[in-house]
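So you can see what is in the structure, the chains are spelled out below.
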Amino acid sequence: MAVVLDALASYLQDMLLEMAKEEVHLLLGVPDEIKKMGMKLGDLKRFLADADKRDISDQSVKSWVRELRNAMYDATNILDLCQLKAMEQGRSCDMGCFNPLLFCMRNPLHAHDIGNCIKSLNERLDDIEKRSKTFNFINLASYEDNTKKVESSLRARRETTGGDELGVVGEKIEEDTRNLVDLLTKKDKNVHEHKNVMVYAIVGVGGIGKTTLAKKIFNHDSIKQEFQKRIWLSVNQEFSDVDLLERAITGAEGNHQAPRNTKDTLEQSLKEAVEGCKTLLVMDDVWDHHAWEMVLEPPLINSLARGSRVLVTTRHDTVARGMIAEVPYHHVDKLEEEDAWSLLKKQVVGNENNDEPKVDALKDIGTSIIAKCDGLPLAVKVIGGLLRQKNIRRSDWKNVLNDSTWSVSQMPEELNYAVYLSYQDLHPKLQSCFLHYALLPKSVLFGYDRIVAMWIGEGFVHGNSRDIEVLGKEYYDQLIARNLLEPDPRYVDNAVCNMHDVVRSFAQYLTRDEALIAHKTETGHTNNINPQNVIRLSLKSKESESNELEWSSLQAHISLRTLILVGETKINPGDSLSSFPCLRTLHIEDGNFDALSESLVQLKHLRYLCLVGTDTSRLPEKIAKMKFLQCIDLSRCKSLMKLPVGIGKLQQLTYLSLGASGIKNIPRGFGGLTNLRKLWGFPAHVEGDWCSLEELGPLNQLMRLRIHGLENVSSSSFAIKARLGEKVHLSHLCLQCTSGRNRWVKQEEHRLVKQEEQQQIEKVFDELCPPPCLENLEINGYFGQRLPKWMTSTPIVPLGCLRILFMEDLPYCTELPDSLCQLPSLEFLQIISAPAIKHVGPEFLLPHHHEHPGALVNFGSDLKIQVDGCPSLERISNLPNLQNLVIIECPELQVLEGLPALHRLTLEDYDMKTLPGYLKDVNPRDLLLDCDVSLLASIAKGKSRPEWDKCSHIKQVRAYANDDDNNIRRKWYVKYTRDSFSLKTNISLSADASWDETEEVLLDKVAQVWREFIVEQQRE
């Protein structure tokens, strides 16, 4: 099994329906052939669900499935060519207006060829259908009930999927964490004196929680205190020596930009990065002990300080033995029944506690389901994700418990029953998207917008072209809701996800018949499967020049529809893309591609083109011939200086990214891209009486737009022609100038901007007023003294839907308008590097506030504000619903008032000598403080009181300081909880205190001091 037959058949039927709108059933004098193809697909579709299911474990079905799949692939190509020929007739209208019938009637030779192809294909389908009778397929009709669920908006319950906290349960993992932390930090002078580095191993089957346990250890406060450096490496089955060394150097905060990045130079860089440092190295998911023995041990063993540790997670004892890990190894136990039930409940209920009683009533069925998960946390999470899509009813849960999937015989080792059951519950379109995700190299960053663009290009997401991106995002969210994808917590709005190794192995097993996935360079790895059977190829290569992948070794894969290639390839004279006539998705990243650029036009079916970080210096001048292109991503193509003139004729293009490329101007006629939804890195520039902003005028389908270089716009009249206010679908807008400012450079050293320039940029921004539907606004590098008028008017009509406002590098802006307080939907306001801003929030309640009491109340509902690098900021006030406030390096801030709903306050400033007095004026539930070690020590004293007088009323305080001498972040801490009188610290209480005192002694001293203080305070 690879692509899901049912989904492919649906896509093909949609293509036929689109052509039927133009009466294509009369095509070529063979009016019945197109109709026959549609009917044949309908007949086959009745039992494709059964064929897909049996293809996983029934070898006898595989060849039949492969033949049908190939026939349908050929059908999509034939219909593509028919549409392409019609478009090439030169019609100026868009895709929905051409008439293939009229074209073919005027071109009888082409009509004859297409007609013969369709007849031949129908004969193949006839034969395939006849042979299907030998397999006794049944009509499962199992997908119909799911269709509406997938096409409609997702249930609100899916949004309860959270971060790691939903996947961690039970006292056992806490006990294991404590024991392993003690083991890694213990100092036994009588044992292993000859070893600088000791290796410890966590061993267990896939999905049992090894990585979760290792993460808890890695982030433990005692570990942070003990080790100067901590390095986390995900190793995986197909690791690359060079990539592993580079990531180790990055983790050690070293320099991996060695000449040519050869293994020898990287080893030397790693040595220098860790020399003499006590280090914890976590090697997660190791399959081959050579990753340590041959790659990391040689540079580390004599460089690390005594007491350094390596913690390895692996599925196999043999790996631990090969790494000479200390015995006994720590074997992770399966979940106890109560812990498993607790985890399942968390997945089903999430944050909706109202459902908990109903779930508790189904515990008897739940524990039976858990028993089938065999105590594996991953399996429990995936089943929880499946149950979350069901009604909380006994009948629905019993259906899951009694599903025949649990008893499939001869299940291969790669298939986890729980993952399989969740997979079978997916709609076929979702199944195809899920399988495709497993193609993506694990260590490469893929945002959801690129992933959705790939799915659309492959035909996995299809339907109304205007809403297709929204539908693709819904599919992505659905996979998250089912725990088949795991959001990366470093990115907001689930923009980036990961896939657990067990889930990835499952998906790759299902795609093994048509997908080749090799994420490291291996000699001959492309010969492991018949090249002509490979439909999707994903390779990641990052080795030395001597071991580069030869482009010619790929050219036997003539049936490819997807090629994902990350890393360098060796391209010889004569190499081209002509060997891949069926290619629809081409993703080349961080490699060389320039020599192949001109041959791109030979890819007639290409929908998705991504050349991120390649050496591409040109695109083909005849790019307009690539009429099916929907997505072009040229991010970080530094050598690419211009776009071909014909790019404006790509009527189906919906996504274009030029961010961080060498492109500084765009050709006239760019405005012909009227279907664009996402446009990143659009350069503003002027040529005589023409400005590139004019080309934005017709692009009224835009949903996300990022413009840079606005300082080049010489007249506000040019900005008017962008017609931003008419773009009624625009939800994300970034307006950027290159001010030449850097927050780390002193203000007086920045380039001075003349007053005339400031006034000019103000006029330009005044005319870039967005539509009322805007949800996310970024302003970067703006050097006007006042913000645009559409941000300062009362009320601010254009910003009524704004959720996120991000402003960075405002060197001359003197104030934020009070009218920002009338934004009813604002959730996050971030201000970075605004040296002239003096207050946030209205300094006084507005005179008309009593007349319109809702104005301020609406502002800041569940609001977070972050101010960073604002040296003149003096006041934050009168924001009655502000809940989360982050203040970074604002030394002149004196006043916090009118913040009654503040729950969390974060304060970071390593130069402040005392706590700010404004802490007495607010009462947050939590205070998180990052400060200098001397201030932290002063806070820990307690008896002297001045610092604690300022924060003792706060419910919970966590304060940290860095160990700058050893470059350890947040090594020292003070943690205080008011209501339970709990105080913990690991810092000396006085300047003359011995650093040899144990942490327990220090804690006892501080606790005693604080008990006396609290009692005294209560008496007062």
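Residue positions are counted from 1 within each chain, in the order its sequence is given. The model is predicted, so local features are restricted to residues of pLDDT at least 70 and side-chain atom pairs to those at 80 or more, both for listing and for counting; the totals for chains, interfaces and linings are taken over all residues. Here the side-chain values reflect all heavy atoms present in the structure, with hydrogen atoms and water set aside.

Trainee: Quick question: what am I supposed to make of the pairing of strand S4 (residues 308–314) here?
Mentor: When a strand is regular, its side chains alternate between the sheet's two faces. Within S4, seven of the seven residues are buried, leaving the element largely enclosed by the surrounding structure. The alternating pattern of S4 places Ser 308, Val 310, Val 312 and Thr 314 on one face and Arg 309, Leu 311 and Thr 313 on the opposite face, and all of these are buried. Across seven bridges, strand S1 (residues 197–203) lies against S4 in parallel orientation. Residue pairing in the sheet places Tyr 200 in a bridge with Leu 311 of S4. A strand pair is defined by DSSP finding two or more bridges across the two strands. To qualify as a helix, a DSSP run of H or I must reach at least 4 residues; to qualify as a strand, a run of E must reach at least 2; elements of each kind are numbered from the N terminus. Inspection of the sheet shows strand S3 (residues 279–286) paired to S4 by five bridges, in the parallel sense. Across the sheet, Val 282 pairs through a bridge with Leu 311, a residue of S4. The parallel pair S3 and S4, bridged by helix H13 (residues 290–300), forms a crossover whose chirality is right-handed. Each residue is assigned to one of three classes by its accessible area relative to the maximum for its type, calculated with a 1.4 Å probe on protein chains only: buried under 20%, partly exposed between the two thresholds, exposed over 50%. Here, the term right-handed applies to a crossover whose path from the first strand over the helix to the second runs clockwise when the strands point away from the viewer.

Trainee: Explanation requested: the pattern of salt bridges in the structure shown.
Mentor: Pairing is possible between side chains of opposite charge, provided their charged atoms come close. In the sections that follow, a salt bridge refers to a side-chain nitrogen of Lys or Arg positioned within 4 Å of a carboxyl oxygen of Asp or Glu. Tallied over the entire structure, the rule returns 47 salt bridges. Across the salt bridge formed by Arg 636 and Asp 590, the nearest N and O atoms sit 3.0 Å from each other. One end of the pair, Arg 636, is in the loop between strand S15 (631–633) and strand S16 (655–657); the other, Asp 590, is in the loop between strand S13 (585–589) and strand S14 (608–610), and 46 residues separate them in sequence. The exposure class of Asp 590 is partly exposed, given its relative accessible area of 33%. Taken together, the salt bridges that share partners define one network made up of Lys 36, Lys 40, Asp 126 and Glu 129.

Trainee: Can you help me understand the nonpolar core in this one?
Mentor: The nonpolar side chains of soluble globular proteins are, as a tendency, buried together. The criterion is simple. A nonpolar core is a set of buried Ala, Val, Leu, Ile, Met, Phe, Trp, Tyr and Cys residues joined through side-chain atoms within 4.5 Å. By size, the foremost hydrophobic cluster in this structure holds 133 residues, and its most contacted members are Leu 586, Phe 670, Leu 693 and Ile 887. By residue number, the principal contributor to this core is helix H29 (residues 933–941), which donates five residues.

Trainee: Looking at this structure, I do not really get helix H23 (residues 468–481). What am I missing?
Mentor: It helps to recall that an α-helix has 3.6 residues per turn; residues three or four apart then point in one direction. Helix length check: H23, at 14 residues, gives a terminal C-alpha distance of 20 Å against a target of 20 Å (1.5 Å per residue), a fit within 8%. In terms of burial, H23 is a largely internal element, twelve of the 14 residues being buried. With its phi angle positive at about 65 degrees, Asn 483 sits one or two positions after the end of H23. Here the expected length of a helix is defined as 1.5 Å per residue gap, with one fewer gap than residues.

Trainee: Can you help me understand the sheet that holds strand S5 (residues 330–331) in this one?
Mentor: Pairing between sheet strands relies on hydrogen bonds along the backbone, with the strands arranged either parallel or antiparallel. Across the sheet, five strands lie side by side as S2-S3-S4-S1-S5; this open sheet has parallel pairing. Both edges of this open sheet fall to strand S2 (229–236) and S5, since each of them pairs with a single strand only.

Trainee: I would appreciate a short explanation of the packing of helix H15 (residues 337–349) against helix H18 (residues 377–388) in the present structure.
Mentor: Describing two packed helices takes the angle between their axes plus the distance from one axis to the other. To get an axis, fit a line to the C-alpha atoms, keeping to the stretch in contact for a helix; angles then go from 0 to 180 degrees between the N-to-C directions. Where H15 contacts H18, the axes come no closer than 8 Å and their chain directions differ by 35 degrees. H15 and H18 meet at a crossing whose hand is right-handed. In contact with Ala 340, Leu 343, Leu 344, Gln 347 and Val 348 of H15, H18 contributes Pro 377, Val 380, Lys 381, Ile 383, Gly 384, Gly 385, Leu 387 and Arg 388. For the contact of H15 with H18, the per-class residue count stands at eight nonpolar, three polar and two charged. By definition, any crossing whose near helix is turned counterclockwise from its far helix by less than a right angle is left-handed, and any crossing with a clockwise turn is right-handed. Here a residue-residue contact requires only that any non-hydrogen atoms of the pair lie within 4.5 Å. When residues are sorted by character, Ala, Val, Leu, Ile, Met, Phe, Trp, Tyr, Cys and Pro go into the nonpolar class, Asp, Glu, Lys and Arg into the charged class, and all the rest, Gly among them, into the polar class.

Trainee: Would you mind showing me how to read the environment of Leu 640 here?
Mentor: Along the chain, Leu 640 turns up in the loop between S15 and S16. Residue Leu 640 is classed as buried on the basis of its relative accessible area, which comes to 0%. When neighbours within four sequence positions are excluded, Leu 640 is seen to be in contact with Thr 616, Ser 617, Arg 618, Leu 619, Leu 634, Ser 661, Gly 662 and Ile 663.

Trainee: Help me understand helix H24 (residues 501–510) in this model?
Mentor: Counting buried residues along H24, eight of its ten residues qualify, which places the element largely inside the surrounding structure. Listed in full, the buried residues belonging to H24 are Asp 501, Val 502, Val 503, Arg 504, Phe 506, Ala 507, Tyr 509 and Leu 510. Contacts from the buried residues of H24 go to S2, S3, H18, helix H20 (417–424) and helix H21 (428–437).

Trainee: So what exactly am I meant to see when it comes to the confidence of the model for the protein here?
Mentor: Detailed reading of the predicted coordinates is not advisable wherever pLDDT falls low. Scored between 0 and 100, pLDDT is the confidence that the predictor attaches to each residue. Mean pLDDT over the protein stands at 82; residues scoring 70 or higher make up 80%. Helix H28 (residues 854–858) is the least confidently modelled element of the protein, averaging 39 in pLDDT, while S14 averages 98, the highest of any element. Low pLDDT, under 50, characterises residues 142–166; the stretch is placed with 61 contacts to residues that sit more than four places away or in other chains.

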